[in-house]
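Spelled out, the chains give:
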Amino acid sequence: MSSSGFSGFSGLSGPRPLPPGQRLTAELQPVSYGRVPSIDLATWSLRIGGDTLDAEPLSLTWADLMSLPQTVVRADHHCVSRRTTQDLQWSGVAALTILDLAPPVDGAEHALVSAARGYSSSVRIEDLASPRAVFATHLNGEPLRPEHGWPLRLVLPHLYGWKGPKWAVALDYCRYAERGFWEQRGYHLTGDVWREERYSYQE
Ligand SMILES: Nc1nc2c(c(=O)[nH]1)N[C@H]1C(S)=C(S)[C@@H](COP(=O)(O)O)O[C@H]1N2
Ligand SMILES: [Mo]
């Protein structure tokens with residue numbers, strides 16, 4: 001069992017434990033560096049590239065994405081600024097489905113997920129392969145609002161929120177970890193909330 005074994009509380013009733021150092025907020029507050037991008041679905045795609053198994057990038061259009069099996073994940077959201085919002089329902093395409101469709105080459109254990117307007121985050125393939133990792137198109141049954149990442153955001157419930165780019169446009173596999181936006185600015189490469197991996201000096 002990986003360090004993320006505590007993330008599966010969906011389905012249990014009663015109060016759930018908070019990760020260390022977190023406090024509850026009722027509503028999911030939009031948090032982002034920079035402005036909300038305007039995106040045209042007709043030209044939008046999710047590009048899966050870098051060290052792919054067949055050495056070719058794959059671009060998924062919105063229609064491609066919609067034709068993949070859809071999944072629902074109930075999860076708590078933990079921002080590294082210490083706010084936790086419990087019991088959100090994300091739906092979209094499991095990250096595992098994307099990994100199966102365009103797998104990384106053997107030996108590529110890392111990825112960089114990039115967003116429109118320059119944001120990116122480092123994630124481990126192992127974390128993307130969590131059954132609860134989802135490229136979400138909907139929050140609580142509604143299409144994502146623009147400020148929450150429409151049309152697509154990555155959700156990794158066992159990692160801090162910064163690991164999930166909103167307005168995701170690319171997933172690049174890499175053999176060596178590449179640091180994304182916050183990882184270059186002092187935040188942790190892995191970012192497991194239950195291990196309280198907040199800062200790079202803990203690595
Ligand atoms: N593109 C982009 N994605 C992002 C961010 C950002 O600044 N830009 N902020 C991250 C952080 S720090 C958190 S906590 C969550 C916040 O999600 P929310 O705005 O839906 O609450 O988005 C993450 N994804
Ligand atoms: Mo955050």
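Fair warning: this is a prediction, and the values are worked out from it, not measured in the lab.

Visitor: Looking at this structure, I do not really get the overall build of the chain. What am I missing?
Guide: When helices and strands are counted, the chain shows 3 helices and 11 strands. Listed by position from the N terminus, the elements making up the chain come as β-β-β-α-β-β-α-β-β-α-β-β-β-β. For the chain, whose C-alpha radius of gyration is 16 Å, the value lies close to the compact-globule estimate of 17 Å for 203 residues. The proportion of buried residues among the 203 residues of the chain is 49%. Residue pairs at least 24 apart in sequence account for 68% of intrachain contacts in the chain once pairs closer than 6 positions are excluded. Put simply, the chain shows about 9900 Å² of open surface, and 52% of that area lies on carbon and sulfur atoms. In the chain, 19 positive and 22 negative side-chain charges are present, and the distance between their average locations comes to 9 Å.

Visitor: Help me understand the nonpolar core, please; the structure alone is not making it clear to me.
Guide: I48, L65, I98, L128, L171 and Y173 are the most contacted members of the largest nonpolar core, which totals 27 residues. Elements with a contribution of two residues or more to this core: β2 (45-50), α1 (62-66), α2 (95-101), β6 (110-115), α3 (125-128) and β11 (168-174). No other element matches the 3 residues that α2 contributes to this core. Counting 10 residues, the second largest nonpolar core, distinct from the first, contains V73, A136, L139 and L144.

Visitor: Which parts of the structure should I look at to understand the confidence of the model for the chain?
Guide: Caution applies to low-pLDDT regions: their predicted coordinates should not be interpreted in detail. Here the chain shows a mean pLDDT of 93. Residues at 70 or above account for 93%. Low pLDDT (under 50) marks residues 1-10, which in the prediction has 16 contacts with non-local residues, meaning those over four places away or in another chain.

Visitor: Looking at this structure, I do not really get the site of ligand 1. What am I missing?
Guide: Of all residues adjacent to ligand 1, which total 19 residues, the nearest are Q29, Y33, H148, R153 and K166. The contact in question runs from an oxygen atom of ligand 1 to an N or O atom on the side chain of R153, over 2.6 Å. When the free accessible area of ligand 1 is taken as 530 Å², the share hidden by the protein chains comes to 97%. Applying the majority rule of atoms within 2 Å of the grid points places ligand 1 in the largest pocket.

Visitor: Whenever I open this one, the pairing of strand β8 (residues 134-139) confuses me. Can you help?
Guide: Here is the key point about a regular strand: its side chains alternate between the two faces of the sheet. For β8, the tally of buried residues reaches 5 of 6 residues, placing the bulk of the element in the interior. Across 5 bridges, the pairing between strand β5 (residues 83-94) and β8 is antiparallel. By the bridge assignment for β8, W90 is matched with L139. Direction of pairing for β8 relative to strand β10 (residues 153-155): antiparallel, over a ladder of 3 bridges. In the sheet register, F135 faces β10, and the bridge partner there is L154.

Visitor: Before we go on, may I ask you to explain the packing of aromatic side chains in this structure?
Guide: Each aromatic ring pair is described using two quantities: the centre-to-centre distance and the angle formed by the ring planes. Scanning all chains against the criterion turns up 10 aromatic pairs. Aromatic pair W44 and W62: ring centres 5.7 Å apart, planes at 80 degrees, arrangement edge-to-face. Of this pair, W44 sits in the loop between β1 (23-24) and β2 while W62 sits in helix α1, and the two are 18 residues apart along the sequence. As far as the burial class goes, W44 and W62 line up, both buried. Here the aromatic rings of W182 and Y187 are separated by 5.6 Å at their centres, their planes lie at 80 degrees, and the arrangement is edge-to-face. Overall, Y187 belongs to the partly exposed group, its relative accessible area being 22%. Chaining the aromatic ring pairs together yields one cluster made of Y33, Y119, Y160, W162, F181, W182, Y187, Y199 and Y201. Here R185 stacks its cationic end above the ring of F181, 3.8 Å away from the centre of that ring.

Reading the values: the criteria
- The numbering scheme is per chain: residues are counted from 1 as the chain's sequence reads.
- As a convention, the first chain written is A and the first ligand written is 1, with the rest following in written order.
- The predicted nature of this model means local features are confined to residues of pLDDT at least 70 and side-chain atom pairs, given and counted, to a pLDDT of 80 or more, with totals for whole chains, interfaces and linings taken over all residues.
- Neither water nor hydrogens contribute to the side-chain values; these are computed over all heavy atoms in the structure.
- Strands here mean DSSP runs of E at least two residues long; helices mean DSSP runs of H or I at least four residues long; both are numbered from the N terminus.
- Values of the radius of gyration come from C-alpha atoms, whereas the globule rule sets the reference at 2.2 Å times the count of residues to the power 0.38.
- Think of it in three bands: with a 1.4 Å probe and only protein chains considered, a residue is buried below 20% of the maximum accessible area for its type, exposed above 50%, and partly exposed in between.
- In this analysis, two residues are considered to be in contact whenever any of their non-hydrogen atoms come within 4.5 Å of each other.
- To measure how exposed things are, a 1.4 Å probe is used in the Shrake-Rupley method; for residues, cover is taken only from the protein chains shown.
- Residues scored as charged are limited to Lys and Arg (positive) and Asp and Glu (negative), so that His and the chain ends carry no count.
- In this description, the location of a charge corresponds to atom NZ of lysine, CZ of arginine, CG of aspartate or CD of glutamate.
- Here, the term nonpolar core denotes a set of buried Ala, Val, Leu, Ile, Met, Phe, Trp, Tyr and Cys residues that are joined through side-chain atoms within 4.5 Å.
- The pLDDT score gives, residue by residue, the confidence of the prediction method on a 0 to 100 scale.
- A cutoff of 4 Å decides nearness: a residue is near a molecule or strand if any of its heavy atoms lies inside that distance of it.
- Identification of polar contacts relies on pairs of N or O atoms within 3.5 Å, with a donor-acceptor requirement for protein atoms, meaning one able to donate a hydrogen and the other able to accept it, and with residues adjacent in sequence counted only if both atoms are side-chain atoms.
- A pocket here means an open set of points on a 1 Å grid, computed over the protein atoms alone, that has protein on both sides within 12 Å along at least five of seven lines. A cavity is instead a set of points where a 1.4 Å probe fits but cannot get out; residues with an atom within 4 Å of a point line either one.
- Pocket or cavity membership: a molecule qualifies when more than half of its atoms sit within 2 Å of the grid points of that site.
- Note: two strands are recorded as paired if DSSP finds a minimum of 2 bridges between them.
- Each Phe, Tyr or Trp ring (for Trp, its six-membered ring) is paired with any other whose centre lies within 6.5 Å, and the angle between the two planes then decides the class: stacked below 30 degrees, edge-to-face above 60, tilted in between.
- The criterion for a charge sitting over a ring is simple: Lys NZ or Arg CZ within 6 Å of the ring centre, and within 35 degrees of the ring normal.

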